[in-house]
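This is what each chain is made of:
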Amino acid sequence: MRSYKIVMVGQPNVGKSMLVNALSNSRFKIGNFSGVTVDKAQSSTIHNATNLCFMDLPGTYALTNYSQEERITNEFINEYEYDLILNVVDSTNLERNLLLTAQLLEKNRNMILVLNMDDEAEKEGINIDANLLSRTLGVPCVKVSSTTKEGVTQLLDTIIHICESPKPTYKLVYSNTVEQEISKIIAVLKNKGFKDNLDHRTLAIALLKENPDVFKRLHSHPIWLELSQVVQKSLEHLYIHYNTKIVRDIFAEEVGAFAKGTATGVTKTVHGKHATASPQSITSRIDALLIQKIVGLPIFLFLMWGLFQLTFRLGQIPMDGIEYVFATLANYTKDTLGDNQFSSLLADGIITGVGAVIMFLPNILILFLGIALLETTGYMARVAFLLDGFFNRFGLHGKSFIPLVTGFGCSVPAYMSARTLKNDRDRLLTMFIIGFMSCGAKLPIYVLFAGALFGVEHAGNALFGIYILGVVFGLVSAKILKIFVFKGKDEPFVMEMPKYRLPSLKLVWHMVTLKGIMYIKKAGTFILLASILVWFASNYPNQPKLEASYNTQIEAAQTVEEQDRLSQEYEEARLSNSYLGTLGKVTTPLFAPLGFDWKLTVSIFTGLAAKEVVVATMGVLYTLGSDVDESNDKLLSAVSENVPPAVMVSFILFVMIYLPCMSAIAVFTKEAGGYKYVFYLFVFTSVAAWLVSFVGYNLARLLI
Amino acid sequence: MITLFDLKKGDTATVVHIDADTELRDRLFSFGVRSGAVLSVQEVSLTRQTVKAKVGASMIALRGSEARSIRVIAS
C-alpha cells in the first residue's frame with residue numbers, strides 16, 4: 001500500500017490537533033493555550049487505499065529559533081523525511097497566519113494550505129476565496145471545519161493528489177524594489193554559469209538576506225569578485241528605499257506586506273446581523289469582565305477556590321463508598337484464606353495499598369476536570385495576563401502560571417508544559433518551584449492530615465490553605481533563586497489571547513479520562529509494587545522467637561482485653577524490628593528535630609516512589625493488627641491517635657516541599673537537560689523542606 | 001513621542017517604530033505588530049504591568065516594559 005508522511009504546521013490555537021482528530025479519528029491532547037501540543041504527535045488513517053501518516057508539529061508563530069517549539073518545528077521541517085507540509089491556518093485570522101505560510105513557502109516542499117475553522121469565519125462574516133488564494137500562492141487551498149467535519153474528504157483527496165505530484169517551486173513574490181535587485185543578482189549568477197545545489201533565486205535571496213552560510217560558501221569562489229559588488233550595490237538601493245540598514249527589517253516588511261496584500265485580496269468581509277454575535281465580539285465582552293482590572297483577579301481566585309472546594313466536597317461522596325468496598329474486600333480475603341502470610345500479603349499489602357490509591361481517584365478526576373476546562377476554554381491565557389504583573393515581581397513569567405497550575409494536577413505534565421517558556425532561565429526557575437504546587441498525589445496526604453487536624457467539616461478550607469501556603473513558599477523560593485542563581489534578562493512577554501471557545505465535551509472527557517487512566521495505571525503497577533515492597537519490608541525478616549514468646553503470653557492471658565493489648569504490643573515490636581522499621585530507625589535522628597517517628601520517616605521514604613504510597617504506607621504501618629472490622633475512617637482515627645498535631649503540621653510541610661516522585665524526577669531530568677539539575681533540585685528541596693518543617697514544627701508546638 | 005504604554009483603555013494608535021532587540025522585534029512581528037500596524041488597547045491591568053491590545057484579528061498581551069518599546073501615534 002502507498003504510504004505518505006504529512007507534517008502539520010500552523011500557529012498555535014488554529015485547531016491543528018482538532019483537525020488531526022477529524023482527519024484520522026485518533027486521539028490528541030488539544031487545548032486553547034499556546035503550546036499545549038509540545039511534542040510532535042503522530043496518527044494515521046487509510047484513505048483510498050493509501051496510508052496517510054500525520055505528524056502534528058508544535059504550534060509556532062514563526063520559524064525563528066527562540067522557543068523550543070520553534071526549534072523543534074524548524075528542525076523537523078528542514079531535516080526530516082516527509083511528503084507534504086499541511087499548513088493549517090485560522091480562517092478568521094488569515095493575515096497573521098500567512099506570515100508563517102510565507103516562511104514555509106521558502107522551504108520549497110509539497111504543500112497544502114488548510115483554511116481551518118471555516119464555520120467560525122462565516123459566523124464572523126469572513127468569506128475567503130480559496131481558489132483565488134490558491135492562484136496567488138501557487139498552493140492548493142482547502143476550506144475545512146474540524147468541528148463540523150466539512151471539507152475533510154476533499155482535503156484527504158487533495159493530500160493524496162499533491163503527494164503524488166512532482167515537487168513544485170513556489171515563488172514568494174516580493175515588492176518590485178526587491179524583485180529588481182533579486183533579478184540583478186540572478187543575472188550575474190546566470191551569466192557566469194554558476195552551479196550550486198541551491199537554485200539561483202534562492203541564492204540571490206540568501207545573499208540579500210546576508211545569510212552567513214551562503215556568503216561563506218561563495219566567498220572562496222572566483223565569481224565572488226563580481227558578485228560581491230552587485231550584492232553591495234543592491235543592498236545600498238534597499239537601504240535607501242527602506243530607510244534602514246537592517247536587512248532583517250526590510251524582509252520582515254516585505255513579508256508583512258505580502259501577507260497583508262494577499263489576505264486583503266482574497267477576503268470578503270460582510271458586516272451584517274452576525275457581527276455582534278461573532279466569537280470575536282463575544283470574547284471581547286467576556287474579557288471586559290474576566291480581565292477587568294478590579295474584578296478580574298477576585299473572579300479568578302473565586303474560581304480556584306471553588307475548584308478546590310468541589311474537589312474535596314464532591315469527591316468525598318464516592319470516597320466513603322470506595323473505602324468501604326476495599327475494607328470489605330480485605331476482610332473477605334482474610335476470612336476466606338485464613339490468617340496466613342499469603343492472605344496478609346493480599347489483604348494488608350495489595351488490597352489496602354491499592355485501595356488507598358483508588359480512594360482518591362474522585363478528587364483527582366474533579367481537579368483535572370477543572371484544569372481541562374481552564375485549558376480548553378482559553379481562560380488560561382487570561383490568567384497569565386492577570387498574573388504576570390504579580391509573577392514578574394518574583395522573577396517568574398505570566399506563562400509560568402500554566403506549568404505551575406498544571407503542577408497542582410501532576411508534576412510530570414507540569415515539567416513538560418514548562419516548555420512554553422522559551423528562555424532557559426525562566427523555564428528552569430519555574431521547574432524548580434513546580435514541586436511547591438502540591439500535586440494530585442499529595443492530596444490524599446493532605447486530606448488525611450487536614451481531616452485529622454481540623455475535622456472533616458473544615459478540611460476543605462484547610463486544604464485550600466495548604467495549597468496557598470505551598471504557592472507562597474514557591475514564590476519566595478523563586479525570588480531567592482532568581483536573585484542568587486538565575487540572574488539575567490527576562491524573557492519578553494508577548495502572548496496571544498485566544499478567542500474563548502466552548503469546551504468540546506469529547507475533548508474534556510478525553511483529557512479527564514486519560515488522567516484517570518494514567519492514575520489507575522500508576523496505581524496498578526508502580527504503586528502496587530511499592531505496596532508489596534512495603535508490606536514485605538514491614539513483615540520480614542521473620543521473628544519466630546518474638547512470635548513464640550508473645551503467643552505463649554497471649555495464651556496465658558486471662559481477659560480478652562489483656563489479649564488484645566498483648567497482640568497490639570506484639571505487632572509494634574515486630575514492626576519496629578522489620579526491615580522497614582530498621583530503615584526508619586536508622587534515619588530517624590535526621591528527622592527527629594521535625595518530630596517524625598520512624599513510621600513517618602519510612603512514609604517519607606516510600607513517598608519517593610510515588611506520593612500516593614505515603615498514605616498506603618501509613619495504612620500498612622498504622623493499621624496492621626488493629627481491629628480490621630472497623631472499616632471507615634480507620635486510618636484517620638489511627639493517625640489522630642498516634643501523631644501529635646504539631647508533628648502533623650511538620651509532616652504536611654515536609655511533604656509539601658521535598659522531592660517529587662521518581663517518575664517526575666525522570667521527566668525533570670529530561671526537560672532540565674542534565675543530571676546536575678537533579679542534584680541541585682535534591683539539595684534545594686531537601687534543605688528547604690527540612691528548614692520549613694523545623695520552623696513549622698516548633699511554631700506549632702508553641703501555639704497548640 | 002508616546003508609546004503603547006501611554007495609551008488608555010479604548011485608545012487606538014498606529015505603530016511608528018519598534019525600539020527593541022531582534023528577539024522582541026521578531027516576536028512582535030509574528031503577531032503582526034510592525035510599523036504601520038494599527039493597535040487598539042482593550043484592557044490594562046491594575047498596576048499597568050500588562051496590556052491587552054488588538055492588532056488585526058489577533059488579541060495579544062504584553063508586559064508594560066514591552067509596550068514601552070512600541071512607539072505610536074494616536075489616531
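Above this text you will find the structure in question.
The present account deals with the structure reproduced in this document. (Residues numbered from 1 in each chain as written. Chains lettered and ligands numbered in written order. Predicted model: local features only at pLDDT ≥ 70, side-chain atom pairs only at ≥ 80, totals over all residues. Heavy atoms only, no water.)

### Here we look at the pattern of salt bridges
Cut-off, in case you're wondering: Salt bridge, as applied in this entry: a Lys or Arg side-chain nitrogen positioned within 4 Å of an Asp or Glu carboxyl oxygen. Runs of H or I in DSSP of at least four residues are treated as helices and runs of E of at least two as strands, each being numbered from the N terminus. Remark: exposure states derive from per-residue accessible area (1.4 Å probe, protein chains only) relative to the maximum for the residue type, with buried under 20%, exposed over 50%, and partly exposed in between.
Summed over the entire model, instances satisfying the criterion amount to 19 salt bridges over all chains. Residue R34 of chain B pairs with E95 of chain A through a salt bridge whose shortest N-O separation is 3.9 Å. One end of the pair, R34 of chain B, is in the loop between α1 (22-30) and β3 (38-44); the other, E95 of chain A, is in helix α3 (residues 94-105), on a second chain. By relative accessible area, which is 13% here, R34 of chain B ends up buried. Taking the shortest distance from any N to any O, the salt bridge between D388 of chain A and R63 of chain B comes out at 2.7 Å.

### A look at the sheet that holds β3 of chain B
Strand-to-strand pairing in sheets goes through backbone hydrogen bonds, with the strands running parallel or antiparallel. Note the threshold: At least two DSSP bridges between two strands are required for those strands to pair.
Read from one edge to the other, the open sheet built from seven strands follows the order β9(A)-β5(B)-β4(B)-β3(B)-β2(B)-β6(B)-β1(B), with strand pairing classed as antiparallel. In this open sheet, the two strands that pair with only one neighbour each are β9 (494-496) of chain A together with β1 (2-3) of chain B. When β9 of chain A meets strand β5 (residues 58-63) of chain B, the two strands line up antiparallel, connected through three bridges. Paired with M495 of chain A across the strands is A61 of chain B, a residue of β5 of chain B.

### Description of the nonpolar core
Residue and element names in this part refer to chain A. Applied cut-off: Nonpolar core, defined: a set of buried Ala, Val, Leu, Ile, Met, Phe, Trp, Tyr and Cys residues in which side-chain atoms within 4.5 Å join the residues together. By definition in these notes, contact holds between two residues if any of their heavy atoms fall within 4.5 Å.
Membership of the largest hydrophobic core comes to 111 residues, with the highest contact counts inside it found for F449 and F651. Top contributing element to this core by residue count: helix α29 (residues 645-657), with ten residues. Those residues within four positions of F651 in sequence are excluded, and the remaining contacts are I445, F449, F596, L600, S603, I604, V614 and M618. With 64 residues, the next largest nonpolar core counts L115, V178, I182 and I185 among its residues.

### Comments concerning empty space enclosed by the protein
The criterion, for reference: Definitions used throughout: a 1 Å grid over protein atoms alone; a cavity as a set of points that fits a 1.4 Å probe which cannot get out; a pocket as an open set with protein on both sides within 12 Å along at least five of seven lines; a lining residue as one with an atom within 4 Å of a point. Grid points are joined across faces, edges and corners, and a volume is the space filled by probe spheres set on the points. Ten residue types, Ala, Val, Leu, Ile, Met, Phe, Trp, Tyr, Cys and Pro, are classed as nonpolar, four, Asp, Glu, Lys and Arg, as charged, and the remainder, Gly among them, as polar.
This structure, assessed with the given rule, holds four cavities of 30 Å³ or more. Estimated volume of the second largest cavity: approximately 110 Å³. Every element with two or more residues in the lining of the second largest cavity is listed here: α3 of chain A together with β5 of chain B. Its residues assigned to classes, the lining of the second largest cavity shows six nonpolar, five polar and five charged.

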